Amino acid sequence: MHNLTMRSKLSFLLIVTWLMLSACGDAPLPRPRTYFRIALPDRTYQRFDVGFPYSFDYPSYASIAPRTGAFAEPYWADIVMPRFSARIYLSYKPVRGNLAEYLNDNHLMMSKLIPKSTGIKEDEVIDDINRVYGTIYNVEGSGVASPCQFYLTDSVRHFLRGALYFNVIPNNDSLAPVIQFIKGDIRHLASTLQWK
């Protein structure tokens, strides 16, 4: 009887050992990090023309909210995109011989992004017909707070600066499709901008 118990224990131990060894195959590979698929809306636009010294086309999935608060100035507005938890802050300044000052301020604001960026690509805007000139800055890097900024001016009377921000912790790798999509909307804004 004692011999049978010992034999069944030994058999059980051999079976468990065999199962453990046969289960060991290829080493498991870590799976790459994935992100949720983001459904992008159709590109349709509407005109913003409500008594500001400028007008432009903006996406129909967005709304325009005049900027309020202690630091807001006349003709400042935000393009609000709740679908993406994003906002483009627009700051307008009249030019009165002080364009160099505004360009320097723009340069200082861009320099604050450099520590987190891996590169900044510039797209020039030149529209002689509507007298719109400027630069769109595409800021690369996964931890950059504002992946796209721009300024547009006629060099004489108007200066408009914009900055795209998301209301989430910056992870531009996962936001890449949305960032590219909104950059297309920013290019469209620049191509339809008109001064008054």
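In this report, the structure presented in the accompanying data block is examined. (Residues numbered from 1 in each chain as written. Predicted model: local features only at pLDDT ≥ 70, side-chain atom pairs only at ≥ 80, totals over all residues. Heavy atoms only, no water.)

As for the overall build of the chain
In step 1: Along its length, the chain carries three helices and ten strands.
In step 2: Traced from its N-terminal end to its C-terminal end, the chain shows the element sequence α-β-β-β-β-β-α-β-β-β-β-α-β.
In step 3: Taken over 196 residues, the chain has a buried fraction of 40%.
In step 4: Within the structure as shown, the chain displays about 12,500 Å² of accessible surface, and the carbon and sulfur contribution to it stands at 59%. (Helix = DSSP H or I, 4+ residues; strand = E, 2+ residues; numbered from the N terminus. Buried < 20%, exposed > 50% of the residue type's maximum accessible area, 1.4 Å probe, protein only. Areas by Shrake-Rupley, 256 points an atom, 1.4 Å probe, with all protein chains shown as cover.)

So, the sheet that holds strand E1 (residues 45-48)
In step 1: Here we have three strands laid out as an open sheet, ordered E1-E2-E10, and antiparallel in their pairing. The open sheet terminates on both sides in strands that have one partner only, identified here as E1 and strand E10 (194-195).
In step 2: Summarising the sheet, E1 and strand E2 (residues 54-59) pair through four bridges and their orientation is antiparallel. Among the inter-strand pairings, arginine 47 is bridged to a residue of E2, identified as aspartate 57. (Pairing = 2+ DSSP bridges.)

Considerations on empty space enclosed by the protein
In step 1: Enumeration over the complete set of coordinates arrives at one cavity of 30 Å³ or more.
In step 2: The volume enclosed by the largest cavity comes to roughly 30 Å³.
In step 3: Forming the walls of the largest cavity are Asp57, Tyr58, Pro59, Ile79, Ile88, Asp185, Ile186 and Leu189.
In step 4: Of all the elements in the fold, those that place two or more residues in the lining of the largest cavity are E2 and helix H3 (172-192). (1 Å grid on protein atoms, 1.4 Å probe; cavity = no way out; pocket = protein on both sides within 12 Å on 5 of 7 lines; lining within 4 Å. Points joined across faces, edges and corners; volume = space filled by probe spheres on them.)

A few points about the layout of surface pockets
In step 1: Estimated volume of the largest pocket: approximately 460 Å³.
In step 2: Together, 19 residues line the largest pocket, and Trp76, Ser91, Asp105, Met109 and Arg161 are the ones closest to its centre.
In step 3: Residue composition of the lining of the largest pocket, by class: eight nonpolar, four polar and seven charged. (Nonpolar A, V, L, I, M, F, W, Y, C, P; charged D, E, K, R; others polar.)

Quick word on a nonpolar patch on the surface
In step 1: On the surface, Leu10, Leu13 and Leu14 cluster together into a nonpolar patch covering about 320 Å² of accessible area.
In step 2: Along the chain, leucine 14 turns up in helix H1 (residues 2-23).
In step 3: For leucine 14, a relative accessible area of 55% gives the class exposed. (Patch = residues over 30% accessible without salt bridge, like charges linked within 9 Å, V, L, I, M, F, W, Y side chains within 5 Å. Salt bridge = Lys/Arg side-chain N within 4 Å of Asp/Glu carboxyl O.)

So, the sheet that holds strand E6 (residues 119-127)
In step 1: The strand order across the open sheet formed by seven strands is E3-E4-E5-E9-E8-E7-E6, and the pairing between neighbours is antiparallel. Pairing within the sheet leaves two strands with one partner each, and these edge strands are strand E3 (63-66) and E6. The sheet shows a mean angle of 20 degrees between the axes of neighbouring strands, taken without regard to direction.
In step 2: Pairing geometry for strand E8 (residues 148-153) and strand E9 (residues 158-166), over six bridges, is antiparallel. The partner of phenylalanine 150 across the bridge, within E9, is glycine 162.
In step 3: The strands that helix H2 (residues 99-111) touches are strand E5 (86-94), E6, strand E7 (132-140), E8 and E9; relative to E9, the one it contacts most, it runs at about 15 degrees. (Axes fitted to C-alpha atoms, helices over the stretch in contact; angles between N-to-C directions. Contact = heavy atoms within 4.5 Å.)

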